Amino acid sequence: MNASTDNARASQTVGSTNTIVHGSALPSLEVPVIDCDSVSIFYDDFRAVHDVNFGCKRNEITALIGPSGCGKSTVLRSFNRMNDLIEGARVEGSITYHGEDIYGPDVDAIEVRRRIGMVFQKPNPFPKSIYDNIAYGPRVNGMKVESMDDLVEEALTKAALWDEVKDKLKQSAFGLSGGQQQRLCIARTIAVQPEVILMDEPCSALDPIATLRIEDLMQELRKDYTIVIVTHNMQQAARVADRTAFFTAEASDTTGDRTGVLVEFGDTATIFESPHDKRTEDYISGRFG
Amino acid sequence: MTSAPATTEVAHLDLTRKPRPWDTAARAIFRVAAALTIAITLGILVALIVPSIEFFSEVPINEFLFGTRWAPRFADASFGVVPLVTATAWTTVIALFFAIPLGLGAAIFMSEFAHKRTRKILKPVLEVLAGIPTVVYGYFAVQFIQATVFRDWLNLDTGSFSVLSAGFVMGIMIIPTIASISEDAMSAVPNSLRQGSAALGANRRQTSLKVVFPAALSGIIAAIVLGISRAVGETMIVALAAGQQARIVGGPLEAGQTMTGFIANAALGDSRVGSLEYNTLFAVGLLLFLITLLINMISIWIVRRFREAY
């Protein structure tokens, strides 16, 4: 366990170095918008994730990849405190947002979620009209909006959905296709004007064409938002992400419980073309069991 | 157990129809059960309608529906049902006034705010309320609520009976019905909707009232309608606590006889089969049935109109 942790740290350092070399095309190194420092996440006594260290930078897409059960979704959900909704979930270490610990004693999870939005694996529009799905967030947040109609249009336009739905805003969101519903959920997230958008396998329930549309959309959104995406699909990570974090699950020596660890973090090209860790290479090349 | 031969020949292909006696029997049993339910309902309806027709051959339907004096046993008998309807309306509205907010509040708390363990304790306790015999509720209303609370403690200007005490206690009786069914409906709303709402920065109150509640609305309406039907049809509590005098009820502290209260009282009496007094029971029963039917139809319309399906 210790060895692997050290390993993770070491490869991360290497990854970061590489980032600097590769960095000309990327925004310069600045303080990460979200930064994990020695993060471990527990469900009651079960340690789901152990000692994760990495950061997500502004206007970049960071992908979290790895096999099932490696804790990548757990890490993602800890970024906007969605794990709070699960009884017994607990975070150790620090997760900072612009340097402020989001698990600090005075921090309100609701304020965190306003700034760090989330799109889920399965599209989950509310059983309301398309319009009300978008207007819901601004309304519950008491946002002072000059014109809700304009805001709805802007959010739908940014989510590349406006042209398809502009004539049926009052109709139920359930009449939309799966891909449209997922773009609606992205539009809904955009409408509260967050800074970060977390995406938890946003395309896993969609067909390939809808998936490509979402990926194109992510590239657009990257200009205005910081995106963190969990994906099972390695090609997707390679296509869309600026940086990639590879997680895996390792059995504990004593209990046999499987705990997620961060193996390697770096810019996507490095992770996919010349990974430093053997485990990353095995996974990327499909040799993973 | 040797491996199958590599030829394409299938051992023995038999696709002919075979007799399945248990299948046939089960289907017949279920069909009889379904038919019986419908037959019984129709039978009750016929049993209500036939004496009612006789009743209306003697009493004009206008006089029955809009007459304001109910005195079927007096020498100068009068059959205006309005007094009974006002008493039923008062007790029902009062019952719902207490039962809907408390029942829905309890449901929202159990479904959205309570910890699992709290819910596990609270729900069965609440359902015990539904198991108390209504005659117990009735005496509770007369002896404690009306006599002790209203008259002795609060010094209210009221007699031995009132539609308020009957309605209030009836409301308590209905709370578990409304709470339990609404809670089931809200618990059935997928968690993904709660998470979606939370991820937009909504707090629990907003999530439960603006997402979960509307999504569960059809189940909640069903719960309320069941509550209304129970209140309209409830007999023992009102027979004991609302009063036996049929008169137009003008305020909550007045006494009055409800439709069910009248039926219960008159049915205990010695009205001869086929007499006008006897037929009166069925006319009131039919009206009660039609009112419940109307409420059900309105609720179905409401559900269709405001439904937010998930």
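Residues numbered from 1 in each chain as written. Chains lettered and ligands numbered in written order. Predicted model: local features only at pLDDT ≥ 70, side-chain atom pairs only at ≥ 80, totals over all residues. Heavy atoms only, no water.

## Considerations on the domain arrangement of chain B
All names here are of chain B.
Next up, step 1: Entries for chain B in the domain assignment read domain 1 (33-64) and domain 2 (80-277).
Next up, step 2: Computed from C-alpha atoms alone, the centre-to-centre distance between domain 1 and domain 2 is 28 Å.
Next up, step 3: Taken residue by residue, the interface counts 6 residues in domain 1 and 5 residues in domain 2.
Next up, step 4: Between domain 1 and domain 2, roughly 390 Å² of surface is buried when both sides are summed, and carbon and sulfur atoms account for 60% of that area.
Next up, step 5: Applying the counting rule to domain 1 against domain 2 returns 0 salt bridges.
Next up, step 6: Viewed at the interface, domain 2 and domain 1 are joined by 1 residue pair in polar contact (both at pLDDT 80 or more). (Domains from an automatic or database assignment. Contact = heavy atoms within 4.5 Å. Buried area = accessible area lost by both parts, 1.4 Å probe. Salt bridge = Lys/Arg side-chain N within 4 Å of Asp/Glu carboxyl O. Polar contact = N/O pair within 3.5 Å; in protein donor to acceptor, adjacent residues only side chain to side chain.)

## Here we look at a nonpolar patch on the surface
Residues and elements named next belong to chain B.
Next up, step 1: Together, Phe-140, Phe-144, Trp-153, Leu-154 and Leu-156 line one region of the surface with nonpolar side chains, adding up to about 490 Å² of accessible area.
Next up, step 2: With respect to the helices and strands, the residue Phe-144 is situated in helix H5 (residues 134-153).
Next up, step 3: The exposure class of Phe-144 is partly exposed, given its relative accessible area of 33%. (Patch = residues over 30% accessible without salt bridge, like charges linked within 9 Å, V, L, I, M, F, W, Y side chains within 5 Å. Areas by Shrake-Rupley, 256 points an atom, 1.4 Å probe, with all protein chains shown as cover. Helix = DSSP H or I, 4+ residues; strand = E, 2+ residues; numbered from the N terminus. Buried < 20%, exposed > 50% of the residue type's maximum accessible area, 1.4 Å probe, protein only.)

## Overview of helix H7 (residues 178-191) of chain A
Residues and elements named next belong to chain A.
Next up, step 1: Between the first and last C-alpha of H7 there are 20 Å, a value that for 14 residues agrees with the 20 Å anticipated at 1.5 Å per step.
Next up, step 2: Taken across its 14 residues, H7 has 13 buried, putting it largely inside the fold.
Next up, step 3: The first or second residue beyond H7 is Gln-193, which carries a positive phi of 50°. (Expected span 1.5 Å × (residues − 1).)

## Digging into helix H8 (residues 204-215) of chain B
It helps to recall that an α-helix has 3.6 residues per turn; residues three or four apart then point in one direction.
Next up, step 1: All buried positions along H8 of chain B are accounted for by Gln-206, Thr-207, Ser-208, Val-211, Val-212, Pro-214 and Ala-215 of chain B.
Next up, step 2: Those residues of H8 of chain B that are buried lie in contact with helix H4 (130-140) of chain A together with helix H3 (82-113), helix H6 (163-187), helix H7 (191-199) and helix H9 (217-233) of chain B.
Next up, step 3: At the N-terminal end of H8 of chain B, a side-chain oxygen is found 3.2 Å from the backbone nitrogen of Arg-205 of chain B, two or three residues along, and the residue is Asn-203 of chain B.

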